[in-house]
Amino acid sequence: MSSSTTSTTQSPYTQEQIRVWLRGLLTIAWADGDFDADEKQLIASITDEELAPNVDFDSFKIVSPDELVATLGTDPKTAENFLRMAVMVALADGVYSSEEDGVLQSFCHSLGLQDDVLASLRSTLYDHETATGSVPVADGTGRDPLKPAREWLDQLEVHDPRLARFICKMVPSQCPFERDVVLFGRKLVHIPAMCKLNPLYEQLVGLRFRALSYLADDCQEDVTPYL
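Note that the coordinates shown come from a computational prediction; the quantities given were computed from them, not determined experimentally. (Residues numbered from 1 in each chain as written. Predicted model: local features only at pLDDT ≥ 70, side-chain atom pairs only at ≥ 80, totals over all residues. Heavy atoms only, no water.)

Regarding the overall build of the chain
The number of helices and strands found in the chain is ten helices and four strands. Starting at the N terminus and walking to the C terminus, you meet the elements of the chain as α-α-α-α-β-α-α-β-α-α-β-β-α-α. Looking at the 227 residues of the chain, the share that counts as buried comes to 42%. For the chain, restricting intrachain contacts to residue pairs at least 6 apart in sequence, the fraction spanning at least 24 positions comes to 72%. For the chain, the computed accessible surface area is about 12,000 Å², with 53% contributed by carbon and sulfur atoms. (Helix = DSSP H or I, 4+ residues; strand = E, 2+ residues; numbered from the N terminus. Buried < 20%, exposed > 50% of the residue type's maximum accessible area, 1.4 Å probe, protein only. Contact = heavy atoms within 4.5 Å. Areas by Shrake-Rupley, 256 points an atom, 1.4 Å probe, with all protein chains shown as cover.)

Structural data, given as structure tokens:
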């Protein structure tokens, strides 16, 4: 198989659209301000290969809703695919914050999309001030309040190798194990596995699998580095 830098698969998006698309995803990744050294290194490698080389993180310019609309155009399918991927980025660390929700709402409204799915996701909001959040469960009637979000996210289509590589790098290859944080022999806190913390973890895994399959089958790329 060819390397990831030699793929000739035809993309439905222009280079400028992909550039703004990825900047939009990075805008979401930075929204809550919770950006550690490992995440910074990960984003640096992604931007260097897929967005633009030598990105200056201190002067990185976030995407405004108006710029997003002007570049992506008015195609509702493109707009929905972007918003789906933006939601996935917001959920990738297992926490959906009010800051991320605010940015997603602005993107959603500017792109002319309904925010029904975002409304359902707000039941999982995490408050950085109080360090509290919740994972919604089925009610007494057996209904799943996040079912619309699950079905909507599962419709995300991957048709661009640059976006596929972004997904494979952003979404962990396996569920981080649950663990205890211990100091001086005493357990301070128990951190659950991401698959227990994130109610939409299966959607993330499914998206990553589709991205890998697209790169391997359609683009004939070697996906070993992502496994």
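What to know about the packing of aromatic side chains
According to the stated counting rule, one finds three aromatic pairs in the structure shown. Ring plane angle 55° and centroid distance 4.9 Å describe the contact between Tyr-13 and Trp-21, whose orientation is recorded as tilted. Like Tyr-13, the residue Trp-21 is buried in the burial classification. Among the aromatic residues, those joined into a ring-pair cluster are Tyr-13, Trp-21, Phe-82 and Phe-107. (Phe/Tyr/Trp six-rings, centres within 6.5 Å; stacked < 30°, edge-to-face > 60°.)

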